[in-house]
Amino acid sequence: MNSQQFREFAKAAIDLIADYMDNIRTRDVLPSVEPGYLLKVMPEEAPEEPEEWKNVLSDFTQDILPGITHWHSPRFHAFYPTGSSYASIVGNLLSDGLGVIGFSWMSSPACTELEVVTMNWLGKLLGLPEQFLNCSTGPGGGVIQGSASEATLVGLLVAKEKTVRKLLKMNPNLDEGEIKAKLVAYTSDQCNSSVEKAGLLGSMKMRLLKADADGRLRGDTLKKAFEEDIEQGLIPCYVIANLGTTGTCAFDPLHELGPVCNAAGVWLHVDAAYAGAAFICPEYRHLMKGIEFVDSFDVNPHKWMLVNFDCSAMWVKNGYDLINTFDVQRIYLDDIKTTIKIPDYRHWQMPLGRRFRALKLWTVLRIYGAEGLRNHIRNQISLAQYFAKLARADNRVVVEPESSMGLVCFRLIDGDKVTKKLLENLTEKKKVYMVAGSYRGRYMIRFVICSRVTKKEDIDYSWNTIKEEINVLCSEEIHTKTQIPAIQHLDAVKLCEKSK
Ligand code: PLP
């Protein structure tokens, strides 16, 4: 492919992407394909001869697109959002166009320095304490990881190394292997699966402590767990606080957990993968009260900040903790000596290679501006509140807990079985997509505002689709209840009629 063909191919692909977004509402959010559909149509061997780009693009439309779940459809309300914007797509394109690997300053100075600049910009926008910023007088700084999962694991590995070094310094006769076997990590039972997985990958026992009735890990619970483990000869090492749990978007009180961790010399990491983006709006910063106690903090611009996957922003108070853990030297990597202020980012992450991810963060921050991003967050939260209002007005539906950020959890008063059936039926019809959660032992449906193009009318569409299905379920319920005592049947009829 020469540069002329590249221009044509890329321009056609960009037109296709713009058309796809302009017409996204015409597609069902979930695809109508069976498992194995693509395996059947794709050739078994890679092509021997070069092919025309037009044929590749036409196969994309014909074979690939039908198997896509449309994450950017305003009817996609599952999980949490994955970011996307034209600004970010162009940033990615530029990054791929350069195709550099920025593991050291010398391997592409702009790649490192733009990351330092954008992480300082973003850290300031979020209202993080000075110490986390690379432009502060201390050894703090930010780094872009691939995912929040990686950031949690990086924090765990660093906490492990730091604890082992500290204990060996205090008593050189201790056995490193024995120390490692005694280390314990703590988080709440509301943590994301990736947090539990970090314990598996980092070979550290991970205790999932019971959250309170509102889904928050409390300081007393953590303190008690430390005491129990110390009593048994174990060593508390790492705590992951959740700001915006995946289930209900609950916020652990950092001001309670922080002092417990600091007093015990335990590393405190914050997983704010989704909800952390809201801290660019000052009115939500009270939810990170106690941030000054934290050792590392992570938020995904690739979730709620319009940056395409992958871009997970992690800050630490002390970059030397990362360097001490991950610095492995080789003669071919021995270029000029850099400083903590102009880092060799290979010491701040797990892989050696790294893409120029800062470019897409930079294009998004510049094209939207802080105000544009704040508007995006505020608009999505107000759309969630609008949905909660519609759902609450229907007395067959219970909304609980209170909607948090862009997430609303709801269930049917008729019980878990019917709520589950509602979700199954809606998923089968493919018009809206949500996933399940649980709250205080009840089965809930999670409804999240995800697509950046979501408008009030889209929320009306989604709610009406859900409501129609509730109507169908309700009439089926009444039908079934005719077989059982009349008094219960009458109750169900009254209930359904009231809310139509
Ligand atoms: N933490 C929380 C609270 C999440 O909600 C998620 C994903 O939704 C993750 C971590 C994992 O994020 P990533 O896919 O960037 O690893």
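Calculation criteria
Residues numbered from 1 in each chain as written. Predicted model: local features only at pLDDT ≥ 70, side-chain atom pairs only at ≥ 80, totals over all residues. Heavy atoms only, no water. Salt bridge = Lys/Arg side-chain N within 4 Å of Asp/Glu carboxyl O. Helix = DSSP H or I, 4+ residues; strand = E, 2+ residues; numbered from the N terminus. Buried < 20%, exposed > 50% of the residue type's maximum accessible area, 1.4 Å probe, protein only. Axes fitted to C-alpha atoms, helices over the stretch in contact; angles between N-to-C directions. Left-handed = near helix turned anticlockwise from the far one by under 90°. Contact = heavy atoms within 4.5 Å. Nonpolar A, V, L, I, M, F, W, Y, C, P; charged D, E, K, R; others polar. Pairing = 2+ DSSP bridges. Domains from an automatic or database assignment. Near = heavy atom within 4 Å. Polar contact = N/O pair within 3.5 Å; in protein donor to acceptor, adjacent residues only side chain to side chain. Areas by Shrake-Rupley, 256 points an atom, 1.4 Å probe, with all protein chains shown as cover. Arc of directions from axis to C-beta.

1. What to know about the pattern of salt bridges
Across all of its chains, the model carries 26 salt bridges by this definition. Across the pair R207 and D229 runs a salt bridge whose closest N-O atoms are separated by 3.1 Å. Taken as a pair, R207 in strand β3 (residues 205–209) and D229 in helix α9 (residues 219–231) lie far apart in primary sequence, 22 residues in all. Of the residues examined, D229 reaches a relative accessible area of 3% and is grouped as buried. E228 is the partner of K224 in a salt bridge, and the nearest nitrogen-oxygen pair spans 3.5 Å. Here E228 and K224 lie together in helix α9, a separation of 4 residues that amounts to about one turn.

2. Description of the packing of helix α4 (residues 86–98) against helix α13 (residues 358–392)
One can describe the packing of α4 onto α13 by two numbers: an axis separation of 7 Å at closest approach and a directional angle of 145 degrees. By crossing handedness, the relation of α4 to α13 is classed as right-handed. Of the residues in α13, those in contact with A87, S88, G91, N92, L94, S95 and L98 of α4 are L359, K360, T363, V364, I367 and Y368. Split into classes, the residues belonging to the contact of α4 with α13 amount to 7 nonpolar, 5 polar and 1 charged.

3. With respect to the sheet that holds β3
Strands sit in the order β1-β7-β6-β5-β4-β2-β3 across an open sheet of 7 strands; the sheet is mixed. Edge positions in the open sheet fall to β1 (141–145) and β3, since each of these has one partner strand only. Recorded for the sheet is a direction-independent mean angle of 20 degrees between the axes of neighbouring strands. In terms of strand pairing, strand β2 (residues 183–188) meets β3 through 5 bridges, oriented parallel. Paired with A185 across the two strands is M206, which belongs to β3.

4. What about the domain arrangement of the protein?
Annotation of the protein at the domain level lists domain 1 (3–68) and domain 2 (100–355). On a C-alpha basis, the centres of domain 1 and domain 2 stand 38 Å from each other.

5. Quick look at the site of the ligand
The environment of the ligand is made up of 13 residues, and the closest members are A148, S149, T246, D271 and N300. For the ligand, an oxygen atom lies 3.1 Å from a polar atom in the side chain of H302. Measuring from an oxygen atom of the ligand, one finds a side-chain N or O atom of K303 at 3.3 Å. The protein chains hide 85% of the 390 Å² of surface that the ligand would expose on its own. Going through the elements one at a time, α6 (148–170) and α11 (301–304) are the ones with two or more residues in the shell around the ligand. Its residues assigned to classes, the shell around the ligand comprises 3 nonpolar, 8 polar and 2 charged.

6. Things to note about the sheet that holds strand β9 (residues 407–412)
The strand order across the open sheet built from 4 strands is β8-β9-β11-β10, with neighbouring strands paired in antiparallel fashion. Lying at the two open borders of the sheet, with one neighbouring strand each, are β8 (397–399) and β10 (435–439). On average, each strand axis in the sheet is tilted by 40 degrees relative to the strand beside it, whichever way the strands run. Strand contacts of α13: β8, β9 and β11 (442–448), with the helix running at about 15 degrees to β9, the strand carrying the most contacts. Packing of helix α14 (residues 416–429) onto the sheet brings it into contact with β9, β10 and β11, and relative to β11 it is tilted by some 30 degrees.

7. Describing helix α8 (residues 193–201)
Here α8 has its buried residues at S194, V195, A198 and G199. All buried residues of α8 project into a common sector of 155 degrees when viewed along the axis, lining one side. Projecting away from the buried face of α8 at angles above 90 degrees are the exposed residues S193, L200 and L201. The inward-facing, buried residues of α8 abut α6, β2, β3, β4 (235–242) and β5 (267–271). Just beyond α8, the residue with positive phi is S203, at close to 50 degrees.

8. Examining the environment of V270
If you trace the backbone, V270 turns up in strand β5. For the pair V270 and D252, spaced 18 residues apart in sequence, the C-alpha to C-alpha distance is 9.4 Å. In this structure, V270 is in contact with A241, L243, L254, V294, S296, F297 and D298, ignoring residues within four places of it in sequence.

9. Points about the pairing of strand β7 (residues 312–316)
Walk down a regular strand and you will see the side chains alternate between the two sheet faces. Across the 5 residues that make up β7, a large majority, 5, are buried. Burial along β7 is two-sided: the residues S312, M314 and V316 and A313 and W315 are all buried.

10. Side note on the side chain of R357
Examined against the element boundaries, R357 turns out to sit in the loop between α12 (319–326) and α13. Taking relative accessible area as the criterion, R357 reaches 11% and is therefore assigned buried. Separated by 3.1 Å, the side chain of R357 and the backbone oxygen of I144 make a polar contact.

11. Let's talk about unusual backbone geometry
Each neighbour pair has its own omega, and for F309 with D310 the value is 10 degrees, a cis peptide bond. Tracing the backbone through its elements, the reader meets D310 in the loop between α11 and β7. Omega for the bond connecting E400 with P401 falls within 30 degrees of zero, at -5 degrees, which places this linkage in the cis form. Along the polypeptide, P401 turns up in the loop between β8 and β9. Residues other than glycine seldom take positive phi values, yet C249 does so here, at roughly 60 degrees. With respect to the secondary-structure elements, C249 resides in the loop between β4 and α10 (254–264). The phi dihedral of M405 is positive, around 55 degrees, even though this residue is not glycine. With respect to the helices and strands, M405 occurs in the loop between β8 and β9.

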